[in-house]
Amino acid sequence: MNRPSLKQLEYVLAVAKNGSFRGAADELGISQPTLTAQISRAEEALGEKLLERSRSGAYLTPAGRLFEPQARRVLEAMEELGQVMGDTAINEKATYRLGVKGTLGPYLLPQILPALKDAHPNLRFYVREDSPRGLEEGIARGEYDLIITTLPINAKDLVQEPLLREKILLAAPADHPLSQVKTWRGQYLDGEQVLTTEHGHQFSRQIEAVCQRLGAQVRRDYEGSSLDALRLMVVMGMGLTFLPALYVESEINADSGLRVGELADENIARLHVLAWRPSSPARNFYKVLARDLRSIIATRLGHAVDVMQGQ
């Protein structure tokens, strides 16, 4: 049997992931006719039709579904071979699919990715925001190479490299009685109305637990769809809220109509980690990335967050 090339395996997987030839060609940086021709040669070599085209996109055939995991393992094995031989340049020139939480990515990544690019000029990331559950399920399916997410992680088989500890701060309207108090303490929240994100979100669950312990009432009639929505509702006097420190660092200033600060007698924070599959061929390089990310975070954001020690 003739064998398809490694490049042809990559092309088939790209179409399967994107669900279209056009999307795969754009991602790979090649023309659509070139992509189509190479996949046709792979199908001829194997004697099987791997992809089916329709008006709505492209799909793996039954033979293609058998082909996909085997092809992925072949490509991962070749990447691992490069790493075993010490060819770190391969990893530094690669493009990785990075997943990140929506309540973290917009406020962390713009601060750290420029410096990371300076350290690794040929490194590229496709970035997508997702929920913690979506991130864990996505990396298990191979949709992400790396994720930045918040502990705890339910998936037991991911390698976790600690990055940072981010405080969760209380926000009150500037004209609220609490804004006149110099030092905030947990007892002051007893009976207060607190706004949070939609029920079921990891951030929401954390705030609900704090409110229950301190006697505050979580408002379920006005749930925020985003951190920006929470901030605006607090400015309008609809209650208090909690906001992550990196969001405050990025979005809150003296003209925001808010007072933001810590509860002096509480230790409310979330822990963020970089995580990947233990079988990833680039796993040693990911440890280098985690180390570099901690260094960049310490330099650029050390005044706002606490950098965690690596494993």
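Above this text you will find the structure in question.
Residues numbered from 1 in each chain as written. Predicted model: local features only at pLDDT ≥ 70, side-chain atom pairs only at ≥ 80, totals over all residues. Heavy atoms only, no water.

## Some words on the environment of proline 177
- Mapped onto the fold, proline 177 is located in the loop between strand 6 (159–173) and strand 7 (193–195).
- On the basis of relative accessible area, proline 177 is assigned to the exposed category, the value being 60%.
- For proline 177 and methionine 233, which are 56 residues apart along the polypeptide, the C-alpha to C-alpha distance reads 17 Å. (Helix = DSSP H or I, 4+ residues; strand = E, 2+ residues; numbered from the N terminus. Buried < 20%, exposed > 50% of the residue type's maximum accessible area, 1.4 Å probe, protein only.)

## Here's the deal with the pairing of strand 1 (residues 51–54)
- Of the pairings in the sheet, the one linking strand 1 to strand 2 (residues 57–60) comprises four bridges and is antiparallel in character. What sits directly across from leucine 51, in strand 2, is leucine 60. (Pairing = 2+ DSSP bridges.)

## Details of helix 2 (residues 21–28)
- Burial in helix 2 covers these residues: Phe21, Gly23, Ala24 and Ala25.
- Structurally, helix 2 contributes buried residues whose contacts are with helix 1 (6–18), helix 3 (32–46), strand 1 and strand 2.
- Where helix 2 begins, the capping side chain belongs to serine 20, and its oxygen is found 2.9 Å from the backbone nitrogen of glycine 23.
- Count one or two residues on from helix 2 and you reach glycine 29, which has phi positive near 75°. (Contact = heavy atoms within 4.5 Å. Polar contact = N/O pair within 3.5 Å; in protein donor to acceptor, adjacent residues only side chain to side chain.)

## Some words on a nonpolar patch on the surface
- On the surface, Leu6, Val74 and Met78 cluster together into a nonpolar patch covering about 230 Å² of accessible area.
- Tracing the sequence through the fold places leucine 6 in helix 1. (Patch = residues over 30% accessible without salt bridge, like charges linked within 9 Å, V, L, I, M, F, W, Y side chains within 5 Å. Areas by Shrake-Rupley, 256 points an atom, 1.4 Å probe, with all protein chains shown as cover. Salt bridge = Lys/Arg side-chain N within 4 Å of Asp/Glu carboxyl O.)

## Describing the packing of aromatic side chains
- Under the defined criterion, the tally for this structure stands at five aromatic pairs.
- With a centroid separation of 5.0 Å and 85° between ring planes, the pair formed by tyrosine 107 and tyrosine 247 is classed as edge-to-face. Taken together, the residues span a long stretch of sequence, with tyrosine 107 in helix 6 (residues 105–119) and tyrosine 247 in helix 10 (residues 245–251) at a distance of 140 residues.
- An aromatic cluster is present here, built from Tyr96, Phe125, Trp276, Phe285 and Tyr286 joined pairwise through their rings.
- Above the face of the phenylalanine 21 ring, arginine 53 is positioned so that its terminal group lies 3.8 Å from the ring centre. (Phe/Tyr/Trp six-rings, centres within 6.5 Å; stacked < 30°, edge-to-face > 60°. Lys NZ or Arg CZ within 6 Å of the ring centre and 35° of its normal.)

## With respect to the side chain of glutamine 202
- Take glutamine 202: it is sitting in helix 8 (residues 202–214).
- Judged by its relative accessible area of 15%, glutamine 202 falls in the buried class.
- In this structure, glutamine 202 is in contact with Lys101, Pro132, Thr150, Leu151 and Pro152, ignoring residues within four places of it in sequence.

## As for the pairing of strand 11 (residues 269–276)
- Among the eight residues in strand 11, seven count as buried, and that is most of the element.
- As defined by bridge partners, strand 5 (residues 146–150) adjoins strand 11 across four bridges and the pair is classed as antiparallel. Directly across from isoleucine 148, in strand 11, lies its bridge partner leucine 274.
- Note: strand 6 against strand 11, eight bridges, orientation antiparallel. Across the sheet, residue leucine 164 finds its bridge partner in strand 11, namely histidine 272.

## Comments concerning the packing of helix 1 against helix 2
- Interhelical geometry of helix 1 versus helix 2 gives an angle of 120° and a closest axis separation of 8 Å. The angle between helix 1 and helix 2 places the two elements in the oblique class. The two elements helix 1 and helix 2 meet at a crossing, and its hand is right-handed. For the pair formed by helix 1 and helix 2, the contact residues are Glu10, Tyr11, Ala14, Val15, Lys17 and Asn18 on the first element and Phe21, Gly23, Ala24, Glu27 and Leu28 on the second.
- Of the residues belonging to the contact of helix 1 with helix 2, the class tally is six nonpolar, two polar and three charged. (Axes fitted to C-alpha atoms, helices over the stretch in contact; angles between N-to-C directions. Parallel < 35°, antiparallel > 145°, perpendicular 65-115°, else oblique. Left-handed = near helix turned anticlockwise from the far one by under 90°. Nonpolar A, V, L, I, M, F, W, Y, C, P; charged D, E, K, R; others polar.)

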